[in-house]
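Observations on the model geometry
Chain by chain, the residues:
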Amino acid sequence: MKHALTFDPSSVEPELAAPPEDRLISGNPHFRSWNFEEAAGGIYAGIWEATPGKWHIAYEEWEYFHILSGVSIVTEEGGAETHLKAGDSMILRPGFKGTWEVIETTRKDYVIRL
């Protein structure tokens, strides 16, 4: 069993996706995800990338992420905008609802706990 793991997107085939049509607000965003770790208890880690667009988000899980590149705006329902750029980190907790808007193609690494 490996006790350390590096995130190398070239070593994993990305999963391709897009926001569900009923959540899309604007643009034509597409996602690529490189999932590097799935562990017992519902822990996931990897890299996610999205092209410009805006969509509704609703979290049932806990997520920590760190922006590697690009510019995005996350807005909590009824709350303020959070502008994110390379070097910024954020935690979204279960129950978070709002929008995610990608201004410039954004790449983040993440850890999700269900």
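The coordinates are above.
Residues numbered from 1 in each chain as written. Predicted model: local features only at pLDDT ≥ 70, side-chain atom pairs only at ≥ 80, totals over all residues. Heavy atoms only, no water.

Looking at the element boundaries, Glu61 is found in the loop between β5 (53-58) and β6 (62-76). Look at Glu61: it is buried, it has no salt bridge, and the nearest opposite charge is Lys108 at 8.2 Å. If we skip the residues at most four places from it in the chain, Glu61 touches Leu92, Arg93, Pro94, Ile112, Arg113 and Leu114. (Helix = DSSP H or I, 4+ residues; strand = E, 2+ residues; numbered from the N terminus. Buried < 20%, exposed > 50% of the residue type's maximum accessible area, 1.4 Å probe, protein only. Lys, Arg positive; Asp, Glu negative; His and termini not counted. Salt bridge = Lys/Arg side-chain N within 4 Å of Asp/Glu carboxyl O. Contact = heavy atoms within 4.5 Å.)

In this section: the pattern of salt bridges. By the definition in use, this model includes four salt bridges. Residue Arg32 is joined to Glu49 by a salt bridge in which the shortest nitrogen-to-oxygen separation is 2.8 Å. A residue pair is termed long-range when its members are at least 10 positions apart, and Arg32 in strand β3 (residues 31-39) and Glu49 in strand β4 (residues 43-50) qualify at 17 residues. Among the residues examined, Arg32 registers a relative accessible area of 32% and is labelled partly exposed. Taking relative accessible area as the criterion, Glu49 reaches 15% and is therefore assigned buried. Across the salt bridge formed by Glu49 and Arg107, the nearest N and O atoms sit 3.0 Å from each other. A residue pair is termed long-range when its members are at least 10 positions apart, and Glu49 in strand β4 and Arg107 in strand β9 (residues 97-113) qualify at 58 residues. The network of salt bridges with common partners includes Arg32, Glu49 and Arg107.

The two faces of a sheet get side chains in turn, since along a regular strand they alternate between them. In this structure, β6 lies alongside strand β7 (residues 81-85), joined through five bridges in antiparallel fashion. Considered in β7, the bridge of Ile73 is made with His83. Remark: four residues form the turn of the hairpin made by β6 and β7, two consecutive strands paired antiparallel; Gly78 in that turn has positive phi of roughly 75°. (Pairing = 2+ DSSP bridges.)

To continue, consider the packing of aromatic side chains. Taken as a whole and judged by the stated rule, the model has six aromatic pairs. Measuring from centroid to centroid gives 5.3 Å for Phe31 and Trp48, while their planes differ by 50°, and the two rings are tilted. Of this pair, Phe31 sits in strand β3 while Trp48 sits in strand β4, and the two are 17 residues apart along the sequence. Side by side, Phe31 and Trp48 carry an identical accessibility label, which is buried. Feature note: the residues Phe31, Trp48, Trp55, Phe65 and Trp100 constitute an aromatic cluster, connected by ring pairs. A cation sits over an aromatic face here: Lys108 above Trp48, 4.6 Å from the ring centre. Sitting over the ring of Trp62, Arg113 keeps its end group 5.8 Å from the ring centre. (Phe/Tyr/Trp six-rings, centres within 6.5 Å; stacked < 30°, edge-to-face > 60°. Lys NZ or Arg CZ within 6 Å of the ring centre and 35° of its normal.)

Attention now moves to the nonpolar core. In terms of nonpolar packing, the biggest core is built from 17 residues, with Trp48, Trp55, Ile57, Phe65, Val74, Leu92 and Trp100 touching the most fellow members. Of all the secondary structure elements, the ones that give two or more residues to this core are β4, β5, β6, β8 (89-92) and β9. Per-element tally for this core: the top contributor is β9, with four residues. Every residue in contact with Trp55, bar those within four places of it in the chain, is listed here: Pro19, Arg23, Leu24, Ile25, Pro29, Phe31, Trp48, Ala50, Gly98, Thr99, Trp100 and Val102. (Core = buried A, V, L, I, M, F, W, Y, C linked by side-chain atoms within 4.5 Å.)

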